[in-house]
Amino acid sequence: MGGNGELKYEISQNAYIKLVLHSLRHKTAAVNGVLVGRISAKDEGVVEISDSVPLFHSNLALLPPLEISLIMLNNKKLEALSKGKHRSPVMQLCVKDASKNWRVVGTDGGSKLLLKEPSANVVLSDYISSEKWKDVTDFDDHLDDVTKDWLNPGLFN
């Protein structure tokens, strides 16, 4: 890790685009999701975020559906994860520090949030132009209609 123990967070293009599209789909609501990643094998000071999972866009009680979705996510995404130019994202990442306090990454000048692929904002712009956010399904949508896949496996096909 860096000299002060701070991590650098690199978010993949698809994870970044999916979470921004989720927020665009529900423009008038606060959205929640989970970022899936791991410590880099090459550099222990880097967390590589490989996917994002849209969870909620409602203001209902959060705890019961959050617990259910995290259990289901653990069973599906986390098992799969264990196998196997301009880099400024237009988002914020909040993490718990060693003292269990929440903080925004990058505001203290220590940790940094970067896009792994420099062209991600260009690709995002294309997806916004084609209204791709309409294809994003979150866990709230899945609870309304269980045939909707909230893991969005075909979003980038």
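In this text the structure is predicted, and so the values were computed from the model without any measurement.

Interhelical geometry of helix 1 (residues 13-25) versus helix 3 (residues 120-129) gives an angle of 40 degrees and a closest axis separation of 10 Å. Pair helix 1 / helix 3 crosses with right-handed handedness. Contact residues: helix 1 offers Gln13, Tyr16, Ile17, Val20, Leu21 and Leu24, while helix 3 offers Ala120, Asn121, Val123, Leu124, Tyr127 and Ile128.

It is worth spelling out the confidence of the model for the chain at this point. Counting all residues, the mean pLDDT for the chain is 78, and 69% of those residues have values of 70 or more. Taken element by element, the predicted model of the chain shows its lowest mean pLDDT in helix 2 (residues 63-82) (57) and its highest in helix 4 (residues 139-144) (93). Note that pLDDT drops below 50 for residues 81-87; the model gives that stretch 16 contacts with residues more than four away or on any other chain.

Before going further, it helps to spend a moment on helix 1. Counting along an α-helix, one turn takes 3.6 residues, and residues three or four places apart therefore face a common direction. Under the 1.5 Å per step criterion, the end-to-end length of helix 1 is 18 Å for 13 residues, consistent within 8% with the ideal 18 Å. Within the span of helix 1, buried status applies to Gln13, Ala15, Tyr16, Ile17, Lys18, Val20, Leu21 and His22. Buried residues along helix 1 sit in contact with strand 1 (8-11), strand 2 (32-39), strand 3 (46-56), strand 6 (112-115) and helix 3.

Along strand 3, 9 of the 11 residues are buried, which leaves the element largely enclosed by surrounding structure. The pairing of strand 2 with strand 3 spans 8 bridges and is antiparallel. The residue of strand 3 that forms the bridge with Asn32 is Phe56. Remark: 6 residues form the turn of the hairpin made by strand 2 and strand 3, two consecutive strands paired antiparallel.

The next point concerns the sheet that holds strand 3. Sheet architecture is open: 4 strands sit in the order 2-3-1-6, paired in mixed fashion. Two strands lie at the open edges of the sheet, namely strand 2 and strand 6, each paired on one side alone. Neighbour to neighbour, the strand axes of the sheet diverge by 35 degrees on average, direction disregarded. Where helix 1 meets the sheet, its contacts fall on strand 1, strand 2, strand 3 and strand 6, and the angle it forms with strand 3 comes to roughly 30 degrees.

Within helix 3, the full set of buried residues consists of Ala120, Leu124 and Tyr127. Within helix 3, the buried residues cover an arc of 60 degrees as seen down the axis, which keeps them to one side. Facing away from the buried side of helix 3 by over 90 degrees, the exposed positions are Val122, Asp126 and Ser129. Buried residues along helix 3 sit against helix 1 and strand 6. Glu131 lies just past helix 3 and shows a positive phi near 55 degrees.

Quick look at the pattern of salt bridges now. All told, the structure shown has 4 salt bridges when counted by the stated rule. Across the salt bridge formed by Lys18 and Asp51, the nearest N and O atoms sit 2.8 Å from each other. Taken as a pair, Lys18 in helix 1 and Asp51 in strand 3 lie far apart in primary sequence, 33 residues in all. By relative accessible area, which is 3% here, Lys18 ends up buried. The exposure class of Asp51 is buried, given its relative accessible area of 13%. We note a salt bridge from Asp135 to Lys132, for which the minimum N-O separation is 3.5 Å. Look at Asp135 and you get partly exposed, because its relative accessible area is 46%. Owing to a relative accessible area of 14%, Lys132 belongs among the buried residues under this scheme.

Parameters at a glance
- Residues numbered from 1 in each chain as written.
- Predicted model: local features only at pLDDT ≥ 70, side-chain atom pairs only at ≥ 80, totals over all residues.
- Heavy atoms only, no water.
- Axes fitted to C-alpha atoms, helices over the stretch in contact; angles between N-to-C directions.
- Helix = DSSP H or I, 4+ residues; strand = E, 2+ residues; numbered from the N terminus.
- Left-handed = near helix turned anticlockwise from the far one by under 90°.
- Contact = heavy atoms within 4.5 Å.
- pLDDT = per-residue confidence, 0-100.
- Expected span 1.5 Å × (residues − 1).
- Buried < 20%, exposed > 50% of the residue type's maximum accessible area, 1.4 Å probe, protein only.
- Pairing = 2+ DSSP bridges.
- Arc of directions from axis to C-beta.
- Salt bridge = Lys/Arg side-chain N within 4 Å of Asp/Glu carboxyl O.

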